[in-house]
Amino acid sequence: MTVPAFIEARRSIRAFTSDPVDRTLLDRLVTAACLAPAPHHSRPWRFVVIDTAAGKAELAAGMGAQWRVDLGADGVDPARIDELVEASRVKITTAPALVLGCLTWDGLDRYPDEARLRAEHGMALLSLGAAVENLMLTAADVGLASCWVAAPIFCPDAARTALALPGDWSPAALVLVGHPAPDYVPRERPEVPLATLRAHR
Ligand SMILES: Cc1cc2nc3c(=O)[nH]c(=O)nc-3n(C[C@H](O)[C@H](O)[C@H](O)COP(=O)(O)O)c2cc1C
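Read on for a plain summary of the structure. The structure displayed is predicted, hence computed values, not measured ones.

A closer look at the overall build of the chain
Inference 1: Within the chain, the regular secondary structure consists of eight helices and four strands.
Inference 2: Element order for the chain, N to C, with α for helix and β for strand: α-α-β-α-α-β-α-β-α-α-β-α.
Inference 3: Here the C-alpha atoms of the chain give a radius of gyration of 18 Å, agreeing with the 17 Å that 2.2 N^0.38 yields for 201 residues.
Inference 4: Expressed as lengths along the three principal axes of its C-alpha atoms, the size of the chain is roughly 50 × 45 × 40 Å.
Inference 5: Per-residue burial over the chain gives 29% buried out of 201 residues.
Inference 6: A fraction of 83% describes how many contacts in the chain between residues 6 or more apart in sequence connect residues 24 or more apart.

A few points about the packing of helix H2 (residues 23–33) against helix H5 (residues 114–141)
Inference 1: Relative orientation of the contacting elements H2 and H5 amounts to 140°, with a least axis distance of 7 Å. Judged by the inter-axis angle, H2 sits oblique to H5. Crossing of H2 against H5: the hand is right-handed. Across the interface between the two elements, Arg28, Leu29, Val30, Ala32 and Ala33 of H2 pack against Ala131, Val132, Asn134, Leu135, Thr138 and Ala139 of H5.
Inference 2: When grouped by side-chain class, the residues that make up the contact of H2 with H5 number eight nonpolar, two polar and one charged.

Describing the nonpolar core
Inference 1: Membership of the largest hydrophobic core comes to 43 residues, with the highest contact counts inside it found for Leu98, Val99, Leu135, Val175 and Val177.
Inference 2: Looking at this core, the elements that each hand over two or more residues are H2, strand E1 (45–50), helix H3 (53–73), strand E2 (97–103), H5, strand E3 (145–149), helix H7 (156–162) and strand E4 (170–178).
Inference 3: With seven residues, the single largest contributor to this core is H5.

Conventions adopted
- Residues numbered from 1 in each chain as written.
- Predicted model: local features only at pLDDT ≥ 70, side-chain atom pairs only at ≥ 80, totals over all residues.
- Helix = DSSP H or I, 4+ residues; strand = E, 2+ residues; numbered from the N terminus.
- Rg over C-alpha atoms; globule rule 2.2 N^0.38 Å.
- Buried ≥ 20, exposed ≤ 12 C-beta atoms within 10 Å, placed from the backbone.
- Contact = placed C-beta atoms within 7 Å.
- Axes fitted to C-alpha atoms, helices over the stretch in contact; angles between N-to-C directions.
- Parallel < 35°, antiparallel > 145°, perpendicular 65-115°, else oblique.
- Left-handed = near helix turned anticlockwise from the far one by under 90°.
- Nonpolar A, V, L, I, M, F, W, Y, C, P; charged D, E, K, R; others polar.
- Core = buried A, V, L, I, M, F, W, Y, C linked by C-beta atoms within 7 Å.

Written out as structure tokens, the structure is:
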């Protein structure tokens, strides 16, 4: 049994050459993202392309400052905090381009109760995941490397402030994009344990 080759071909690639990524290509990735399914025919996402040194540095610094606070509150050793925050800064600032996926309430329903509001937000987040997958599949298809980075979902306010984004954009998913470093070997991909992950009723 096989799945389509273009799905198998996408891997998280975390090392890039220093070549920049053409903005036309980045727009192609974002266009693919925006073809994702979304609730009520909405497009509750906004994508921020960050390919300037200043933009990358500001995002890394803003998110890093918040992470530093969170790690401190967790009681992590200060030297380890420095190490983690610096590694994150290097990862973000050395990627040739970043695409930051943000959620908005544009086109979504509003409910008077928390439970349905949470469900509506969850639907939007699911659709952002589909959009990010489209983006990464397209990156793989055009020979670009990409890797999803979780950080902004943990510190949306810091990411929004760092990039001076509108108040109703909530940063939720960051994708590093670049030309793949030739010697990068993706982690081994385990077989899909279908019997565990799939049930029949
Ligand atoms: C929501 C989400 C958050 C992720 N965050 C990170 C991250 O912060 N850093 C990282 O290196 N990879 C991150 N990844 C990539 C996963 O580690 C990767 O997709 C997984 O190991 C499977 O490998 P593959 O993408 O090569 O198939 C994330 C993936 C998802 C879906």
